[in-house]
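Summary of structural features
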Amino acid sequence: MSIALFRSYITKIRLLLYSVTSSFFDFIPMLLRVPVRNISLQTSGEKIILFVGGTTSPRISRMAKWLVKNPEYKTIFLCHTKGYIEEFSNSCWNKVILYRNKPHLIRIIRQLKNIYIIHGFAVKSYYPDIVRKHHKAKFIMDFQDVFACYYSLPPTLRWLKQELPHEKNCLEKSDGIVAHSLEPWIVYRKYGIRPHPDNIFFPLYCDDDCIVDTEKKLNPDDIHIVYAGGISGSHRSRERHGVTQFHKVIEKLSEQKIHFHIYPSPATHVTDSDDYKLISQNNPYFHIHQAVSLDNLPAELAKYDFGIIPFFLSDSGHSKEKYKYATSLKLFNFIEAGIPVFVADDIYYQSWMLKRHHAGIGIHEEDVANLKKIILSLNYEQMVVNLKKSRANLLLSQQIVRLTDFYTRILKKGTE
């Protein structure tokens, strides 16, 4: 076992021990209904939206920011203390409450009164499902990635066996579903869930506040391509993490003297980023940067010529359906930055979105080795002009009313 893999296992063990030991101290107070301090939110008649998840999600912070621009709403963010990432959050939250474990979460939600609607969100559904069961407010579930779409059913991975019953509960028993990708509809078929809960398709869209409008010119002798998001070191399992192992991409771009920049997700484990730091020390064409906060990322990406999402099917053990129907916030971050994007044609829906909005071009895996030739054949300045015109139709400011209308529709169902 490598040192990097050993360190990642130690991190998982520490998280498990924290959950078990802290649960021991919260279990009796839960039974005795001992209140939790400092969780109240002062309001003057505003509608309180309770967002709940196991980790901080950038898409949720962006949505909440545009919700509270309407003075009618206030937001509470309820997140596991070990899953809270400051860089994925922003100043939109009227109240942030961090829970330690299941008993602590139950203690908290018992005290949260006058909730307008609960907006649970994945990637994991375990904690949102607990809130769904223990609070009487209307509950909607928000999905971008759906685990049942990653692998075949029934699952073989132990952690997935534990997670999928909660995911299925949220897909089947929620009052409504907010879908950022097409994955929920695929999983409905897999699970045989009929009828479906009421739903809204709400692509990730662009944050108006992050739009960058700088002039762009391409120097064919000094090309810079950037990726932002999750990365995996070479010590990780290729079946589960191959899609974010970029060692081959680094090698192929460097051979063409193309500079490749990576901004890792703030959630990246140190063992993964260290793997790429070693590469950057000996490769003048590869650069790994510090993670950047949610609000500052597009301005940072705008420094480069192109974005890239090189997720190829041959690099992963994930299902073809996952590749076909998934979506990614990084695509919209690149559009916000005003830089054209190369997207693997294997991720069909994202590639379709890219082409529809004139944001770049789709590529095959073999194209990476010839990317410089492809770049030199493009009318770069016109691509940037077309992208900026098209992104005006993808702004959250124009779309957020669809979400508030969905809230209203779900709440009316309980009174009809």
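Structure's up top.
Below is a short write-up of the structure.

Cut-off values and rules
- Residues numbered from 1 in each chain as written.
- Predicted model: local features only at pLDDT ≥ 70, side-chain atom pairs only at ≥ 80, totals over all residues.
- Heavy atoms only, no water.
- 1 Å grid on protein atoms, 1.4 Å probe; cavity = no way out; pocket = protein on both sides within 12 Å on 5 of 7 lines; lining within 4 Å.
- Points joined across faces, edges and corners; volume = space filled by probe spheres on them.
- Nonpolar A, V, L, I, M, F, W, Y, C, P; charged D, E, K, R; others polar.
- Buried < 20%, exposed > 50% of the residue type's maximum accessible area, 1.4 Å probe, protein only.
- Helix = DSSP H or I, 4+ residues; strand = E, 2+ residues; numbered from the N terminus.
- Pairing = 2+ DSSP bridges.
- Right-handed = clockwise from strand over helix to strand, strands pointing away.
- Core = buried A, V, L, I, M, F, W, Y, C linked by side-chain atoms within 4.5 Å.
- Contact = heavy atoms within 4.5 Å.
- Patch = residues over 30% accessible without salt bridge, like charges linked within 9 Å, V, L, I, M, F, W, Y side chains within 5 Å.
- Areas by Shrake-Rupley, 256 points an atom, 1.4 Å probe, with all protein chains shown as cover.
- Salt bridge = Lys/Arg side-chain N within 4 Å of Asp/Glu carboxyl O.
- Axes fitted to C-alpha atoms, helices over the stretch in contact; angles between N-to-C directions.

Looking at the second largest pocket, its volume works out to about 180 Å³. If you trace the second largest pocket, you find it lined by Ile39, Ser40, Leu41, Thr43, Ile48, Ile76, Gln111, Leu112, Lys113, Asn114 and Ile115. Here the residues of the lining of the second largest pocket are counted per class, giving six nonpolar, four polar and one charged.

Most of strand E4 (residues 115-121) sits inside the fold, with seven of its seven residues counted as buried. Sheet topology note: the E4/strand E5 (residues 139-143) ladder contains four bridges and is parallel. Paired with His119 across the strands is Ile140, a residue of E5. Tracing the backbone out of E4, into helix H4 (residues 126-134) and back to the parallel element E5 gives a crossover that is right-handed.

Let us now look at the nonpolar core. Phe51, Ile225, Phe260 and Leu371 are the most contacted members of the largest nonpolar core, which totals 85 residues. Every residue in contact with Leu371, bar those within four places of it in the chain, is listed here: Ile225, Leu253, Gln256, Ile258, Ile308, Phe342 and Ile363. Formed by 43 residues, the second largest nonpolar core is a distinct cluster that contains Ile106, Ile108, Val131 and Cys170.

This part is about the environment of Asn333. Here Asn333 is to be found in helix H12 (residues 329-337). Spatially, the C-alpha atom of Asn333 lies 33 Å from that of Leu105, the residues being 228 residues apart in sequence. When sequence neighbours within four positions are dropped, the list of residues in contact with Asn333 reads Arg62, Leu297, Pro298 and Leu301.

We now examine a nonpolar patch on the surface. Where nonpolar side chains cluster on the molecular surface, the patch consists of Phe27, Ile28, Leu31, Leu32 and Val34 and spans about 480 Å² of accessible area. Within the secondary structure layout, Leu32 lies in the loop between helix H1 (3-31) and strand E1 (47-53).

Our next topic: the sheet that holds E1. Taken in spatial order, the seven strands line up as E3-E2-E1-E4-E5-E6-E7 in an open sheet, and their pairing is parallel. Strand pairing shows two members of the sheet lacking a second neighbour, strand E3 (95-99) and strand E7 (198-201), which therefore form its edges. Between one strand axis and the next, the sheet turns by 20° as a mean value, whatever way the strands run. Two strands pair when backbone bridges link them, and E1 and E4 are joined in this way by five bridges, in the parallel orientation. By the bridge assignment for E4, Leu50 is matched with Ile118. Contacting E5 and strand E6 (176-179), helix H5 (residues 158-173) runs over the sheet at an angle of about 120° to E5. Set on the sheet, helix H16 (residues 396-413) makes contact with E1, strand E2 (73-80), E4, E5, E6 and E7; between it and E7 the angle comes to about 180°.

Pairing between side chains becomes possible if they bear opposite charge and their charged atoms approach one another. Under the definition given, this model contains 23 salt bridges. With a shortest N-O distance of 2.5 Å, Glu72 and Lys47 are connected by a salt bridge. Here Glu72, found in the loop between helix H2 (58-67) and E2, pairs with Lys47, found in strand E1; they are 25 residues apart in sequence, far enough to count as distant. What makes Lys47 partly exposed here is its relative accessible area of 28%. For Asp129, the salt bridge identified is with Arg132, shortest N-O distance 2.8 Å. Separated by three residues within a single helix, Asp129 and Arg132 lie in helix H4, roughly one turn from each other. Arg132 gets classed as buried once you look at its relative accessible area, which sits at 17%. What you see here is one network of salt bridges that share partners, running through Lys65, Lys69, Asp207 and Asp209.

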